[in-house]
Every structure is written in C-alpha cells, then in structure tokens.
Amino acid sequence: MIRTLIAAALLGFSLIFFSPAFASLNDKVIQIGERATVELMKNLKSRLIAALEEGDPATAISVCANVAQDLTHKLARQIGPGIKIKRTSFKWRNPADAPDKYEKEVLDLLEWIYKGKKILLPFYIQEVTENGQPYFRYYKPILVREECLLCHGDPREMPEEIVETLKKLYPEDKATGYKPGDFRGVIRVSIPKKLIETLVNQEGNKPDEDDGCIPPQLPGRD
Ligand code: HEC
C-alpha cells in the first residue's frame, strides 16, 4: 500500500515535467500545488530575512503569521477563486493551524514514512468534500531548517524578546523544541475540483504547439 503511494507520488511528479500532453486533473493539481508551495517558502524566507535584518522580532513573527494568508489572496487572484493555502502540523503554534481529520491522515502518513523509512514524499494528493463541494488537496511536507530555530527551537536558546512575544501571542504554542531536519508539518493547498476541470479544459482546447510531424530536436543532432 505504502509502496504504491510512493510510486504514485513519484510518477505524478515526473509526468508534469515530461508529458505535458497527458495533462490530467492530477497534473494540474500538482502544477498549482507546486507553484503555491514554492512561492510560499520563497516568500517566507525573503520576508523573514528582511525583517530580521531590520532587527525587529515582532515584525518577523508577523511575517510567519501572515505569509499563508497573503499568498492565498494572491493566488486566488492569479489562478482562480476558491484556492486556499494553509500550513498545518501536529505541533501547531496557532490553534487556527490545527489539522482537520483529512490533514491528520496525511500528517500521520508523511511523518511515519519520513521517520520510519527515511523517505520524504515529494507531495501527496487527496480528493475531499468541503462544505458539500469537491476539492483537491495538495500537500507538501516541510522540514525544519537552521533558520527556523530562532522561533521554533529550544526556548532556552531563543532570544528572550521572541520567547516573550510568542508567549503573549500564542499561549497554547506547541511549536518549539524542534531540531534541523525534524518533520515540521505540511503546506496544504486546496483547489476546487471545478476550477481544475475548467483549467484543464481550457488547455485542451488550445492548439498544442507540439502537435504535428516535426520531430523533436535532440541535443547533438543537426
Ligand atoms: C521570526 C519567527 C519565526 C521564524 C524564524 C519561523 N517561524 Fe514559523 N511560525 C512563527 C509564528 C509566529 C507562527 C504562527 C503563525 C500564525 O499565527 O499562523 C509560525 C507558524 C509556522 C507554521 C504553521 C503551523 C503552526 O505551528 O501554527 C509552520 C509550518 C512554520 N511556522 C514553519 C516554519 C519554518 C519551516 C520556518 C523556517 C524556514 C519557520 N517557521 C520560521 C514564527 C516563526
């Protein structure tokens, strides 16, 4: 069962790069999911660095708090309405980030494979019903890195100002005590199934530049 899941995840991952002609619903989910998660991580990193260079821990803390919501609004504008991004973890800092039952299943599975088999799945896809509507959910696992320890490490080694601010803002905080390489949680991108179908249909109706009889140019051939 697990092996099938891993194989499916890896296969899905390669299809997007090698076979645009096989544009399927899953490929579209992966494409949007990847775009959203890469952007979130990039955004978080650059905004954190900027805030920390200014030497203001309170601003840095608000960066980590607002980044997912800001990106949700941006992607909904760029790609389509109904896309939602959330970060979730068993050891959450903000109770609003606590996992629902579908997210718990995925966190359990990804963490178990990571800890037990030393394999970090590149992603995981679910189809669920939210408020009566079908949604795809794309999950990207997140690991703790050195730069995260400032706010998610051992509180005895974190700056006092940060510890105090976190205590005030997040009295139920469970998200400390991590070490680099620990499984932190997932980024979850929810996309309405209808939106995925519309996007795939639109692409299917466009003329495909790869169609026709011209053989692809391979490197090293004249
Ligand atoms: C400057 C402090 C700071 C740094 C550095 C930081 N975080 Fe956070 N992190 C926070 C705060 C504050 C929250 C709560 C956000 C909210 O209110 O939604 C949070 C929440 C999260 C969450 C959402 C789940 C939860 O616990 O509520 C994840 C996942 C996360 N951080 C991962 C990371 C990762 C990975 C790094 C390193 C790349 C990192 N953080 C670096 C302060 C920080």
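Residues numbered from 1 in each chain as written. Predicted model: local features only at pLDDT ≥ 70, side-chain atom pairs only at ≥ 80, totals over all residues.

- In the nomenclature of an unreviewed UniProt entry, the protein chain corresponds to DUF3365 domain-containing protein from the organism Thermosulfuriphilus ammonigenes.

### Thoughts on the site of the ligand
Argument step 1. Around the ligand, a shell composed of 22 residues is seen, among which Ala60, Cys64, Asp97, Cys148 and Cys151 lie nearest.
Argument step 2. No other element matches the 4 residues that helix α3 (residues 57–78) contributes to the shell around the ligand.
Argument step 3. In the shell around the ligand, the residues fall into 12 nonpolar, 4 polar and 6 charged. (Near = placed C-beta within 6 Å. Helix = DSSP H or I, 4+ residues; strand = E, 2+ residues; numbered from the N terminus. Nonpolar A, V, L, I, M, F, W, Y, C, P; charged D, E, K, R; others polar.)

### Overview of the environment of Ala175
Argument step 1. Mapped onto the secondary structure, Ala175 falls in the loop between α6 (160–169) and β4 (183–192).
Argument step 2. For the pair Ala175 and Asn94, spaced 81 residues apart in sequence, the C-alpha to C-alpha distance is 8.8 Å.
Argument step 3. If sequence neighbours within four positions are ignored, Ala175 has contacts with Ser89, Lys91, Trp92, Arg93 and His152. (Contact = placed C-beta atoms within 7 Å.)

### Details of the pairing of strand β2 (residues 124–130)
As a general feature of sheets, a regular strand has side chains that alternate between the two faces.
Argument step 1. In the sheet, β2 pairs with strand β3 (residues 133–143) via 7 bridges, with the strands oriented antiparallel. Residue pairing across strands places Ile125 opposite Tyr138, the latter belonging to β3.
Argument step 2. Linkage of β2 to β3, two consecutive antiparallel strands, is achieved through a turn of 2 residues, within which Asn131 is found at a positive phi near 50°. (Pairing = 2+ DSSP bridges.)

### Notes on the nonpolar core
For soluble globular proteins, nonpolar side chains are generally found buried alongside one another.
Argument step 1. In this structure, Leu40, Ile85, Val189 and Ile191 are the most contacted members of the largest nonpolar core, which totals 37 residues.
Argument step 2. Mapped by element, the contributors of at least two residues to this core are α2 (25–53), α3, α4 (101–117), β3 and β4.
Argument step 3. Ignoring sequence-local partners within four residues, the contact set of Leu40 consists of Val67, Ala68, Leu71, Ile85 and Ile187. (Core = buried A, V, L, I, M, F, W, Y, C linked by C-beta atoms within 7 Å. Buried ≥ 20, exposed ≤ 12 C-beta atoms within 10 Å, placed from the backbone.)

### Digging into the environment of Val29
Argument step 1. Its location among the elements puts Val29 in helix α2.
Argument step 2. When the 26 C-beta atoms within 10 Å are taken as the criterion, Val29 is described as buried.
Argument step 3. In contact with Val29, other than residues within four places in its own chain, are Ile125, Phe136, Tyr138, Ile191 and Ile196.

### Quick notes on the pairing of β4
Argument step 1. The buried fraction of β4 amounts to 8 of the 10 residues, a majority that puts the element mostly inside the structure.
Argument step 2. Across 5 bridges, strand β1 (residues 84–88) lies against β4 in antiparallel orientation. Bridged to Arg87 within β4 is Ile187.
Argument step 3. By the bridge criterion, 9 bridges tie β3 to β4 in an arrangement that is antiparallel. If you follow Leu143 over to β4, its bridge partner there is Phe183.

### Observations regarding the packing of α2 against helix α7 (residues 193–205)
Argument step 1. As a packed pair, α2 and α7 sit with axes 9 Å apart at the nearest point and diverge in direction by 105°. Comparing their axes, α7 and α2 come out roughly perpendicular. Contacts between α2 and α7 pair Leu25, Lys28 and Val29 from the former with Ile196, Glu197, Leu199 and Val200 from the latter. (Axes fitted to C-alpha atoms, helices over the stretch in contact; angles between N-to-C directions. Parallel < 35°, antiparallel > 145°, perpendicular 65-115°, else oblique.)

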